[in-house]
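Here's the letter readout for the chains.
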Amino acid sequence: MNILRKETIFIKYMTLFFGAFLLFTDVVFLTFGIIYDLPAIRYLIYIKLVINTTNIFLIIKKHYLISTIIIYTVILAMMIVGIISLGTEPMFQLYALGMLACISYNSYLHSRVLKKHLPMFLMIAIHVLSYVGVFIYARTCEPLYQIPESGENFLIIFNSLASFGIVILYVYLYYYVAINSEEKLEKMALIDNLTGLYNRHFLLACLDNKEKNAKEGSWLAILDIDDFKKVNDTYGHNCGDYILHQIALIAKETCNDCIVCRWGGEEFIVYSDKKACDLSVLEMLRKKIENGDFKYEGRSVHVTVTIGISQYDESLSNDAWISRADERLYLGKKNGKNQIVAS
C-alpha cells in the first residue's frame, strides 16, 4: 500500500472518528437538555442529529472536504448555543480553541493528500471571532437558563475532557508528522535510493567522527563491477540497476559485520573497524558475485568484481586512505580484473 493511499485512509478514519464523536456528544447533550429542561439545546441537538447522521453518509461516500467543514460548523454552533444558553461557566468556549489545532492539521492533510484546500485562515478567523463575540455576549447578557451546580460541574468536566482530548490528539499528530518527516529527510540524505545501502556522505561522516585510536586495526575496501558499461550497453540501464541492487544485497549479507555503502556509480565501499582485514570474507564476496546467477528478463548476466583493500594508517587522511584503496583497485583492473589487491 503506497503512502498516498495510507494517508487517504487515515483522513477517512479521522473524519469518521469526529463524526462518531459528534453523534456521541449529541446523545450526551440531548440527555442533558431533557434532564434540565433546556429547549434551545434540545432543538439544536435535534438538528445536529440529522446533520451528523447525514455527515456519516458523506464520509462513507468519500466527501471528506464537505464533511470536515460540516464538523467544524456544528461544533461552532454547539459552542455558540451552549454559551448563550448557559454562559461561560460550563466551558463550551473551549471547543473554539480546541478546533484551532484541528483546523490547521486537517488543512495541511487535505492539501497534501487530496489536493483540496480547506479555507484554513477563514475558518480560524470565524472561530476566533465567534469566541470573542459570544464571550462578550455572555459578559453583558444573562444566560437563557440556570442549572444546578451538579449539572454545571458535569459540563465543565465533559467539555474540558473533550476539548483537551482534541488538542492532545492533534499535538500528537503534529509530533508524529515532524518526527516522520525528519526520518525521511535523514534517510534521503544518507541512504542510496537504488540499493538501500548507506551512501558516501554517511561513510565520510562516519570516518570524520571517529577518533584516530578508534580506527586502529580498521580497514576499507573498494569494490568495482568489472566492465559495467558493457552490461548497460548490452542489456540496458534497467538491467544495470538490477545488478547494482543484487550486488548490494550480496555484499550486505556477506559482510554483515561491516558498513557497506554505495560509493558512486558501480563502486561500493566495505568498511570495518572491528578487526584487521579478513581476506577470506572479501574473497567469499568476490566468488559469490562471480558465481552469481543473475537473471534479467530471462537472460543470464555474468558479472565479476575487482576489490582494492587498504589497512588504516594514522599518517593518512581519510581521503588519502580511500585513495590508497582506489589505487589498489585499479591495479587489479590493470592486471586482469576479478581479483582482490591488498598490497
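Just so we're clear, the structure is a prediction, and the values are computed from it rather than from any experiment.

S.K.: An account of the overall build of the protein chain is needed here, citing residue identities and associated values.
M.R.: Looking only at helices and strands, the protein chain features 11 helices and 8 strands. For 343 residues, the compact-globule estimate of 2.2 N^0.38 gives 20 Å, and the C-alpha radius of gyration of the protein chain, at 33 Å, exceeds that figure by more than 25%. The principal-axis extents of the C-alpha atoms in the protein chain amount to approximately 95 × 50 × 30 Å. Expressed as a percentage of its 343 residues, the buried residues of the protein chain come to 43%. Long-range contacts, defined here as pairs at least 24 residues apart, represent 75% of the contacts in the protein chain between residues at least 6 apart. Total accessible area on the protein chain is roughly 18,200 Å²; 61% of this is exposed by carbon and sulfur atoms.

S.K.: Help me get a handle on the packing of helix 3 (residues 64-86) against helix 5 (residues 120-140), residues and values and all.
M.R.: For the pair helix 3 and helix 5, interaxial distance at closest approach is 9 Å and the crossing angle is 10°. The orientation of helix 3 relative to helix 5 falls into the category roughly parallel. Packed against helix 3, whose contacting residues are Tyr72, Leu76, Met79, Ile80, Ile83 and Ile84, the element helix 5 presents Met123, Ile126, His127, Ser130, Tyr131, Val134, Tyr137 and Ala138 at the interface. Class assignment of the residues belonging to the contact of helix 3 with helix 5 gives a composition of 12 nonpolar, 2 polar and no charged.

S.K.: Residues and numbers for the packing of aromatic side chains, please.
M.R.: Counted under the stated rule, the structure contains 17 aromatic pairs. Ring centres 5.6 Å apart and planes at 40° place the aromatic pair phenylalanine 29 and phenylalanine 92 in the tilted group. Highlighted residues: phenylalanine 29 in helix 1 (residues 3-35) and phenylalanine 92 in the loop between helix 3 and helix 4 (94-114), separated in sequence by 63 residues. Here the two residues phenylalanine 29 and phenylalanine 92 agree in accessibility, since each one is buried. Taking 5.1 Å as the distance between ring centres and 70° as the angle between the ring planes, the aromatic pair formed by tyrosine 312 and tryptophan 321 counts as edge-to-face. Of the two residues, tyrosine 312 and tryptophan 321, both sit in the buried class. Put simply, the rings of Phe24, Phe29, Phe32, Tyr36, Phe92, Phe154 and Phe158 touch in pairs and so form one group of aromatic residues. Sitting over the face of the ring of tryptophan 263, arginine 200 holds its NZ or CZ atom 3.9 Å from the ring centroid.

S.K.: Outline the environment of tyrosine 46, supporting the account with residue identities and numerical values.
M.R.: Among the secondary structure elements, tyrosine 46 is positioned in helix 2 (residues 39-60). We classify tyrosine 46 as partly exposed; its relative accessible area is 38%. As for tyrosine 46 and leucine 30, which are separated by 16 residues in sequence, their C-alpha atoms are 8.0 Å apart.

S.K.: So, the side chain of lysine 48: which residues are in play, and what are the values?
M.R.: You can see lysine 48 is positioned in helix 2. Owing to a relative accessible area of 3%, lysine 48 belongs among the buried residues under this scheme. Ignoring any residue separated from it by four or fewer positions in sequence, one finds lysine 48 in contact with Leu22, Thr25, Asp26, Thr53, Val74 and Met78.

S.K.: So, helix 8 (residues 228-235): which residues are in play, and what are the values?
M.R.: Taken as a whole, helix 8 has its buried residues at Phe228, Val231 and Asn232. Projected onto a plane normal to the axis of helix 8, the buried residues spread over an arc of 95° and lie on a single side. Within helix 8, the exposed residues directed more than 90 degrees away from the buried face are Lys229, Lys230, Asp233 and Thr234. In this structure, the buried side of helix 8 is in contact with strand 2 (219-225), helix 9 (237-254) and strand 6 (299-301). Trailing helix 8 by a residue or two, glycine 236 shows a phi angle of about 100°, which is positive.

S.K.: Give a detailed account of the nonpolar core, specifying residues and quantitative values.
M.R.: Membership of the largest hydrophobic core comes to 48 residues, with the highest contact counts inside it found for Phe18, Phe29, Leu86, Phe92, Met99 and Tyr170. Elements with a contribution of two residues or more to this core: helix 1, helix 2, helix 3, helix 4, helix 5 and helix 6 (149-190). Broken down by element, the residue count for this core peaks at 10 residues, all from helix 3. Contact partners of phenylalanine 92, with chain neighbours within four places excluded, come to Phe29, Met78, Met79, Gly82, Ile83, Leu86, Leu155 and Asn159. Judged by nonpolar contacts, the second largest core, of 29 residues, contains Phe268, Val270, Ile289 and Ile307.

S.K.: Got a sec to walk through a nonpolar patch on the surface? Specific residues and values, please.
M.R.: A surface patch of nonpolar side chains, amounting to about 450 Å² of accessible area, comprises Tyr172, Tyr175, Tyr176 and Ile179. Mapped onto the elements of the fold, tyrosine 175 is located in helix 6. Given a relative accessible area of 52%, tyrosine 175 falls into the exposed group.

S.K.: Describe the pattern of salt bridges, and please don't skip the residues or the numbers.
M.R.: Per the stated rule, a full pass over the model turns up 11 salt bridges. Across the salt bridge formed by lysine 337 and aspartate 227, the nearest N and O atoms sit 2.6 Å from each other. In this pair, lysine 337 is assigned in the loop between helix 11 (318-334) and strand 8 (340-341) and aspartate 227 in the loop between strand 2 and helix 8, connecting sequence segments 110 residues apart. Taking relative accessible area as the criterion, aspartate 227 reaches 36% and is therefore assigned partly exposed. Residue aspartate 313 is joined to arginine 324 by a salt bridge in which the shortest nitrogen-to-oxygen separation is 3.7 Å. Of the two residues, aspartate 313 is situated in the loop between strand 7 (305-311) and helix 11 and arginine 324 in helix 11; the sequence distance between them amounts to 11 residues.

Definitions and limits used
- Residues numbered from 1 in each chain as written.
- Predicted model: local features only at pLDDT ≥ 70, side-chain atom pairs only at ≥ 80, totals over all residues.
- Heavy atoms only, no water.
- Helix = DSSP H or I, 4+ residues; strand = E, 2+ residues; numbered from the N terminus.
- Rg over C-alpha atoms; globule rule 2.2 N^0.38 Å.
- Buried < 20%, exposed > 50% of the residue type's maximum accessible area, 1.4 Å probe, protein only.
- Contact = heavy atoms within 4.5 Å.
- Areas by Shrake-Rupley, 256 points an atom, 1.4 Å probe, with all protein chains shown as cover.
- Axes fitted to C-alpha atoms, helices over the stretch in contact; angles between N-to-C directions.
- Parallel < 35°, antiparallel > 145°, perpendicular 65-115°, else oblique.
- Nonpolar A, V, L, I, M, F, W, Y, C, P; charged D, E, K, R; others polar.
- Phe/Tyr/Trp six-rings, centres within 6.5 Å; stacked < 30°, edge-to-face > 60°.
- Lys NZ or Arg CZ within 6 Å of the ring centre and 35° of its normal.
- Arc of directions from axis to C-beta.
- Core = buried A, V, L, I, M, F, W, Y, C linked by side-chain atoms within 4.5 Å.
- Patch = residues over 30% accessible without salt bridge, like charges linked within 9 Å, V, L, I, M, F, W, Y side chains within 5 Å.
- Salt bridge = Lys/Arg side-chain N within 4 Å of Asp/Glu carboxyl O.

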